[in-house]
Amino acid sequence: YGVEMKKLVVVLILVAIGTLIAKSQLALNNAPFAALLNRGSSSGSAGYFLQENFEGPGYQNVWTISSAGTGSLDDTYTTAPAPLEASYSLRLNLSGNTRRITNNLVSSYSTIYGYFMLSVQTIGGATDPLVTLLDNGSPVLALDFIDNIGDYAFQLSDTNTDYCCVSSPTAVVGVTNHIWFSIITGSGLNAAYTLTYSTNSTKPGTPGYSTGAGRAVGTMNQIQIGSTNSSTWRIIFDKIRLSTTEIGSNP
């Protein structure tokens with residue numbers, strides 16, 4: 001009886017160890033856990049306070065998903081041209097609705113440098129934002145991608161409707177674009193913005209647009225991906241990076 005009891009105890013210990021190992025492996029493979037690891041202070045990996053790669057399900061654990069509209073959000077999208085990076089990308093099929101995702105940043109920032117990868121499949125309305133930086137729900141700066149009488153352009157606009165355009169060829173639709181931007185808020189007429197793009201990961205030496213006379217004020221503590229207006233955007237995102245210092249090539 002004593003020998004059998006010892007065997008039973010050993011089996012139970014082995015089962016318990018196996019369960020712990022399995023749970024640990026599941027946690028490491030679980031995208032929500034990985035996504036949380038990607039969020040850190042400005043002293044984190046490469047100085048980013050937000051990194052999002054959309055590698056597997058789980059973005060809903062660090063992003064708030066709007067419940068409006070009937071379109072789809074797919075963070076494991078792989079249909080060409082996805083994935084833009086690694087194994088998965090995020091696809092928003094807005095299909096005439098206002099669906100979007102929002103991330104509450106780890107702090108409030110008056111200076112933000114950003115980078116992301118983007119492929120546009122279908123152009124939406126000319127005033128529909130793709131990416132918006134907000135202060136407690138109030139937009140501070142937004143990035144659009146518009147059809148400007150047949151000439152496609154990236155557009156950066158602040159809350160006072162001051163805007164800029166960085167023209168790009170029509171071939172930019174359906175291919176992978178690398179977008180860099182920066183915003184330093186001011187006191188009303190002295191905010192600084194830059195915006196540039198390329199079709200590879202090499203950052204152009206001169207910004208496509210730069211101004212030191214923007215009207216954005218205050219701080220930013222949220223980033224929103226998707227539209228707030230009725231829209232027909234179909235867009236693919238990947239590799240979002242935010243920092244308090246300039247982001248260069250191959251981030």
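Residues numbered from 1 in each chain as written. Predicted model: local features only at pLDDT ≥ 70, side-chain atom pairs only at ≥ 80, totals over all residues. Heavy atoms only, no water.

S.K.: Tell me about the pattern of salt bridges, residues and numbers included.
M.R.: Oppositely charged side chains are able to pair whenever their charged atoms sit close together. What the rule picks out here adds up to two salt bridges. The residue Glu85 makes a salt bridge to Lys239 at a minimum N-O spacing of 3.8 Å. Pair noted here: Glu85 is in the loop between β3 (72-77) and β4 (89-93) and Lys239 is in strand β15 (residues 234-243), with a separation of 154 residues, a long-range link. Put simply, Glu246 and Lys203 hold a salt bridge, and the shortest N to O gap is 3.1 Å. Linking Glu246 in the segment after β15 with Lys203 in the loop between β12 (191-198) and β13 (209-214), this pair joins segments that are 43 residues apart in sequence. Among the residues examined, Glu246 registers a relative accessible area of 59% and is labelled exposed. (Salt bridge = Lys/Arg side-chain N within 4 Å of Asp/Glu carboxyl O. Helix = DSSP H or I, 4+ residues; strand = E, 2+ residues; numbered from the N terminus. Buried < 20%, exposed > 50% of the residue type's maximum accessible area, 1.4 Å probe, protein only.)

S.K.: Which residues make up the environment of Leu73, and what are the values?
M.R.: Tracing the chain through its elements places Leu73 in strand β3. Through-space distance from the C-alpha of Leu73 to that of Leu94 is 8.3 Å; in sequence the pair is 21 residues apart.

S.K.: Tell me about the packing of aromatic side chains, and please be specific about residues and values.
M.R.: Throughout the structure, instances matching the rule amount to five aromatic pairs. Centroid distance Phe49 to Tyr109: 3.9 Å. Interplanar angle 10 degrees. Geometry classified as stacked. Of this pair, Phe49 sits in strand β1 (residues 48-52) while Tyr109 sits in strand β5 (residues 100-109), and the two are 60 residues apart along the sequence. Under the relative-accessibility criterion, Phe49 is labelled buried at 1%. Judged by relative accessible area, Tyr109 falls into the buried class, the value being 10%. Directly above the ring of Tyr48 sits Arg241, whose terminal nitrogen or CZ lies 5.7 Å from the centroid. (Phe/Tyr/Trp six-rings, centres within 6.5 Å; stacked < 30°, edge-to-face > 60°. Lys NZ or Arg CZ within 6 Å of the ring centre and 35° of its normal.)

S.K.: Could you give me a rundown of the environment of Ser87, with the residues and numbers involved?
M.R.: Note that Ser87 resides in the loop between β3 and β4. Note: C-alpha distance between Ser87 and Tyr77 (ten residues apart in sequence) is 8.7 Å. Beyond its immediate stretch of four places on either side in the chain, Ser87 contacts Glu55 and Thr78. (Contact = heavy atoms within 4.5 Å.)

S.K.: Outline empty space enclosed by the protein, listing residues and values.
M.R.: Summed over all chains, the structure comprises one cavity of 30 Å³ or more. Looking at the largest cavity, its volume works out to about 50 Å³. Taken together, Phe116, Val131, Leu133, Leu141, Ala142, Leu143, Leu156 and Phe181 form the lining of the largest cavity. At three residues, the largest contribution of residues to the lining of the largest cavity is made by strand β8 (residues 138-148). (1 Å grid on protein atoms, 1.4 Å probe; cavity = no way out; pocket = protein on both sides within 12 Å on 5 of 7 lines; lining within 4 Å. Points joined across faces, edges and corners; volume = space filled by probe spheres on them.)

S.K.: Lay out the confidence of the model for the chain in plain terms, naming residues and giving numbers.
M.R.: Across the chain, the average pLDDT comes to 77, with 65% of residues at 70 or higher. Scored below 50 in pLDDT, residues 21-44 makes 30 contacts in the model with residues more than four places away or belonging to other chains. (pLDDT = per-residue confidence, 0-100.)

S.K.: Describe in detail the pairing of strand β11 (residues 177-184), supporting the description with residues and values.
M.R.: The buried fraction of β11 amounts to seven of the eight residues, a majority that puts the element mostly inside the structure. Sheet analysis places strand β6 (residues 111-122) next to β11, joined by eight bridges and oriented antiparallel. Bridge pairing in β11 links Gly114 to Phe181. One ladder, built from seven bridges, connects β11 with β12; its direction is antiparallel. By the bridge assignment, Ile179 is partnered in β12 with Tyr197. A loop of six residues connects β11 with β12, the two strands running antiparallel in sequence, and Gly188 in this loop sits at a positive phi of about 135 degrees. (Pairing = 2+ DSSP bridges.)

S.K.: A description of the side chain of Asn93 should follow, citing residues and the corresponding values.
M.R.: With respect to the helices and strands, the residue Asn93 is situated in strand β4. Of the polar contacts made by the side chain of Asn93, one reaches the side chain of Arg234; its length is 3.2 Å. (Polar contact = N/O pair within 3.5 Å; in protein donor to acceptor, adjacent residues only side chain to side chain.)

S.K.: Let's hear about the environment of Val140: which residues, and what values?
M.R.: In this fold, Val140 is placed in strand β8. For Val140, a relative accessible area of 5% corresponds to the buried category.

S.K.: An account of the pairing of strand β7 (residues 129-135) is needed here, citing residue identities and associated values.
M.R.: Where burial is concerned, most of β7 is hidden: six out of the seven residues are buried. Bridging between β7 and strand β14 (residues 220-226) involves four bridges; their strand directions are antiparallel. Paired with Leu134 across the strands is Gln222, a residue of β14.

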